[in-house]
Amino acid sequence: MGTARPAEVTRTARPARITVPWVRARKVSDHADPLVMVTAYDAPGARIADDAGVDMILVGDSLAMVVLGYEDTLSVTVEDMAHHVAAVARAKPSALVVGDLPWMSYHVSTEETVRNAAQLVRAGAQCVKLEGGRKRLAMIEALVDAEIPVMGHLGLTPQSMHAMGGFRVQAKESEAALALVADAKALAHAGCFAIVLEGVPDEVARMVTDAVDVPTIGIGAGPHCDGQVLVYHDLLGLEDRTPAKFVRRYADLKAASVAAMSDFVVDVRSRAFPDHTESYHLNAEQAEALSLYGAAPVD
Ligand code: KIV
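Predicted, not measured: the structure shown is a model, and the values here were computed from it.

Things to note about the site of the ligand
Part 1 of the reasoning: In the region of the ligand, the neighbouring residues are Thr39, Leu58, Gly60, Asp61, Ser62, Asp100, Lys129, His153, Val196, Glu198, Ile219 and Val231.
Part 2 of the reasoning: Residue Asp100 places a side-chain N or O atom 3.2 Å away from an oxygen atom belonging to the ligand.
Part 3 of the reasoning: In the model, an oxygen atom of the ligand is placed 3.0 Å from a nitrogen or oxygen of the Lys129 side chain.
Part 4 of the reasoning: Against a free-state accessible area of 260 Å², the protein chains account for coverage of 95% of the ligand.

Spelled out as structure tokens, the structure:
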């Protein structure tokens, strides 16, 4: 898989299977290409992402909102996440598979955190992602001790939506920006191999990116990160919700899908589908035999 990557954007040599150490080493300041991550939640989505040449597939807890129909990300469980990680892993992508730890799976104790993360790894994730800054250090260290690589996630952390008062851009004030930089340094020091920066001003994302020696991956964090991530359904226009400012839509698959299915509806109702070539047929001998019983199919 992964053969469709256009040669003109391929500067950094990619291994046949992307690994955590390979991602860990991809700082743009060290002349690496920006990292590309997208979310995917099932095998066909993973194949599309992999054939497009992404570096990482995040089985995000955005699953809750874009696939399972919840209003926020708080309702998904470790079991839900493991189910979808396994579906992505069955596609055997060459991209790194990142499993998102859902809310309350890494908040209670280090033991529970490691056990829950192990469930995602056993389902096929090569690493896990969790949200939050310095207050998550004990959990991150426990995971790293258990040989489970961790991607951090700072800024607008959707699992904190109630504490933040909604989905709001974070670190807009200098004090909060400095706290974010301190969080990022602490996460990198604790062993995170990369950090997602979501919903922060681009100047702040640049400060964080310059301050840590692990790659930052932005979403709504401007162009100065070491990589970018978008949600599958946003990128492909599979939703008709108004997208956030930071989303660039590369296709309008919702409209294309509705149009295609409307054609199917019309064809069935007008009996234009299925036609002769889309049907199975008896051979002449069997048709003749049936006709002897007065049951010959009328063509
Ligand atoms: O769950 C998710 O899709 C994410 C991305 C927005 C980074 O965490």
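Moving on, there is more to tell.
Some points on the domain arrangement of the chain
By convention, interface size is frequently given as the accessible area that disappears when the constituent parts associate.
Part 1 of the reasoning: Taken domain by domain, the chain holds domain 1 (20-251) and domain 2 (255-291).
Part 2 of the reasoning: Here the C-alpha centroids of domain 1 and domain 2 sit 45 Å apart.

Some thoughts on the packing of helix H4 (residues 78-90) against helix H5 (residues 110-123)
Helix packing geometry: the angle between the two helix axes and the distance between the axes.
Part 1 of the reasoning: Contact pair H4 / H5: the axes reach a minimum separation of 8 Å and the direction vectors enclose 25 degrees. One way to sum up the angle between H4 and H5 is to call them roughly parallel. Between H4 and H5 the crossing geometry is right-handed. Contacts between H4 and H5 pair Val78, Glu79, Met81, Ala82, Val85, Ala86 and Ala89 from the former with Asn116, Gln119, Leu120 and Ala123 from the latter.

Considering the sheet that holds strand S7 (residues 216-219)
Part 1 of the reasoning: On the basis of which strands lie adjacent, the closed barrel formed by eight strands has the order S1-S2-S3-S4-S5-S6-S7-S8 and parallel pairing. On average, each strand axis in the sheet is inclined to that of its neighbour by 25 degrees, with strand direction left out of account.

Topic: unusual backbone geometry
Part 1 of the reasoning: The residue after Phe273, namely Pro274, is reached through a cis peptide bond having omega -5 degrees.
Part 2 of the reasoning: Mapped onto the elements of the fold, Pro274 is located in the loop between helix H11 (253-269) and helix H12 (284-292).
Part 3 of the reasoning: The backbone of His31 shows a phi angle near 70 degrees, a positive value even though the residue is not glycine.
Part 4 of the reasoning: For Met104, which is not a glycine, the phi torsion comes out positive at approximately 75 degrees.
Part 5 of the reasoning: Note on placement: Met104 falls in the loop between strand S3 (96-100) and H5.

Examining the side chain of Glu198
Part 1 of the reasoning: Following the sequence through the fold, Glu198 ends up in strand S6 (residues 194-198).
Part 2 of the reasoning: Within the buried set, Glu198 has no salt-bridge partner at all; the shortest N-O distance to an opposite charge, 6.2 Å, is to Lys129.
Part 3 of the reasoning: When sequence neighbours within four positions are dropped, the list of residues in contact with Glu198 reads His153, Leu154, Gly155, Leu156, Pro158, Ile219 and Gly220.

How each quantity is defined
- Residues numbered from 1 in each chain as written.
- Predicted model: local features only at pLDDT ≥ 70, side-chain atom pairs only at ≥ 80, totals over all residues.
- Heavy atoms only, no water.
- Near = heavy atom within 4 Å.
- Polar contact = N/O pair within 3.5 Å; in protein donor to acceptor, adjacent residues only side chain to side chain.
- Areas by Shrake-Rupley, 256 points an atom, 1.4 Å probe, with all protein chains shown as cover.
- Domains from an automatic or database assignment.
- Axes fitted to C-alpha atoms, helices over the stretch in contact; angles between N-to-C directions.
- Helix = DSSP H or I, 4+ residues; strand = E, 2+ residues; numbered from the N terminus.
- Parallel < 35°, antiparallel > 145°, perpendicular 65-115°, else oblique.
- Left-handed = near helix turned anticlockwise from the far one by under 90°.
- Contact = heavy atoms within 4.5 Å.
- Pairing = 2+ DSSP bridges.
- Buried < 20%, exposed > 50% of the residue type's maximum accessible area, 1.4 Å probe, protein only.
- Lys, Arg positive; Asp, Glu negative; His and termini not counted.
- Salt bridge = Lys/Arg side-chain N within 4 Å of Asp/Glu carboxyl O.

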